[in-house]
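Take a look at the letters that make up each chain.
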Amino acid sequence: MLRRLQTLPPGVIRSARAALVYFGTSAVNAVLPLLLLPLLTTHLTPADYGTVALFQAIALLASVLTHCGMASTVMRSLTVGPEGERRDYLASALVVIGVCASAATLASWPLGLVLGPAAGFSDGWFVLAIATGGFMSFNQIFPVVLQARHEAFAFAIVQIATAVLNLCLTLVLVVGLDKGWQGRSAAIAATYLVMSLVSLGVMLARRDIGLPRRRHVVDALKLGGSTLPHTLLNTAMTVGDRFLLSFFFSDAVVGIYAAASQMASGLLFIGMAIHGAIQPTAMRMIAAAKTEAQRRRLGKIALWLTAMIVTMALVYMVLVFLFAERFINPRFHGFLEYFYLLGFAAILQSVYFPFSYALFYYRATRLLAATGVALAAVFMAVALAGIFLFGSVGVSLGIVAARGGLLAVAVIWSIRLTSLPQRGRGMVPVAQATG
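As the structure is a computational prediction, the values presented were derived from the model and not from experiment.

Enquirer: Just to check I follow, could you spell out the overall build of the protein chain for this structure?
Expert: Regarding its fold elements, the protein chain presents 16 helices and zero strands. Within the protein chain, the fraction of its 435 residues that count as buried is 52%. Here the contacts in the protein chain between residues at least 6 apart in sequence split such that 83% fall between residues at least 24 apart.

Enquirer: How should I be thinking about the pattern of salt bridges in this particular structure?
Expert: Where charged atoms from two side chains of opposite charge come close, those side chains can pair. One pass over the structure, following the stated rule, counts six salt bridges. Ionic pairing is found between E85 and R215, a salt bridge with its closest N-O pair at 3.0 Å. One end of the pair, E85, is in the loop between α4 (70-80) and α5 (86-119); the other, R215, is in helix α9 (residues 214-248), with 130 residues separating them in the sequence. Residue class for E85 comes out partly exposed when judged on its relative accessible area of 21%. Between D208 and R206 there is a salt bridge whose closest N-O contact spans 2.6 Å.

Enquirer: I would appreciate a short explanation of the packing of aromatic side chains in the present structure.
Expert: For any pair of aromatic rings, the description consists of the separation of the ring centres together with the inter-plane angle of the planes. Per the counting criterion, the structure on display carries seven aromatic pairs. Judged by centre distance (5.6 Å) and plane angle (75°), the ring pair of Y49 and F332 falls under edge-to-face. Remark: F332 occurs in the loop between α12 (292-323) and α13 (336-361) and Y49 occurs in helix α3 (residues 46-67); sequence separation between them is 283 residues. In this structure Y49 comes out as buried when scored by relative accessible area, which is 9%. For F332, a relative accessible area of 0% gives the class buried. Summarising the aromatic geometry, the rings of F247 and F248 are spaced 5.0 Å apart at their centres and angled 90° between planes, so their arrangement reads as edge-to-face. When its relative accessible area of 40% is taken as the criterion, F248 is described as partly exposed. Through successive ring pairs, a cluster of aromatic residues spans F55, W125 and W181. In this structure, R416 is placed above the aromatic ring of W413, and the distance from its NZ or CZ to the ring centre is 4.4 Å.

The rules behind these values
- Residues numbered from 1 in each chain as written.
- Predicted model: local features only at pLDDT ≥ 70, side-chain atom pairs only at ≥ 80, totals over all residues.
- Heavy atoms only, no water.
- Helix = DSSP H or I, 4+ residues; strand = E, 2+ residues; numbered from the N terminus.
- Buried < 20%, exposed > 50% of the residue type's maximum accessible area, 1.4 Å probe, protein only.
- Contact = heavy atoms within 4.5 Å.
- Salt bridge = Lys/Arg side-chain N within 4 Å of Asp/Glu carboxyl O.
- Phe/Tyr/Trp six-rings, centres within 6.5 Å; stacked < 30°, edge-to-face > 60°.
- Lys NZ or Arg CZ within 6 Å of the ring centre and 35° of its normal.

Okay, structure coming up:
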């Protein structure tokens, strides 16, 4: 066995080591928020928890809008783009985020007068939610840089530091000072503000950031912006359930549902861990797949990853069923009513990641945009019908339908795009597009 390990290529060993680090990091990031649940459900009412969920939903939507798809463009540039242009491309992407975040925050002042009260908090908190989305956008770039360069341990430090800071600030503001939903929302905003500043400072110190170039800004906007409808609508589906429940029911229902969603999101750490570990390598494997045998190998790897994700997710769901209610305040015990459907949707989302790389590698931007629009319509139709037929639990059916549709598109088109006769027909490989 040792001899076989010694004969493995260094790249394989490095990827395996990175996979273990990403998996451990994602596990910690999934466990820490779950550890907060007993405390939060004790110190917050379901209505307060629902208000926090709406604050997070607005921040997440703002982050997608201000991020403008820059993570995927940076990942492409740092993995298959020209070596001499990568620092400048990163600087150009940061300029895009900075301009978008500033514009969104300024525009949120008048919008907050109307949308803030509709979400259950003042216009000032609405503005803070939008600003938090901007902080989140900046905070996403440094981990992408570390992933692309296979700096797994540095990636782990950044991710765990963010989760620990969020935990500590929440303990101080919610548990220690008893500031309620305002304390929890302020902790989220402060966490991303601090970590975005730290990340930018570290990237500057490491000389990761070059000078912004107009052609890189244009290319990043063209590629990232073209995926924005897909990503924004996909995120809107992720958080739209909160707004529907708030409109048709109450913030208390949103709070119980959000607790179930937090439990279900623990499933995503499995897919995210694998995604973080293999994304750079997967891009290179797709670029290098020149024969039918190599193409079939890609399919086998994707199926193996799917089996692993599903198996581990089912174990997680059984553990939640057996033990979760012992640690959650009884006011939230209705969360299991939503958990199973949301858990199934999380499994579909996790399986989607390995099948999505071909879509991004071949810049299938029109397909992604059309899929986002179509699945947003599917989500609304199924969720509204589900609410009418089954009550609040019916909104989860919309999430399942949308995630299932997204996975189906990714599977079908990844097969088509990696098929040798189809290559070069209407899709531009990243290496050519960023060259």
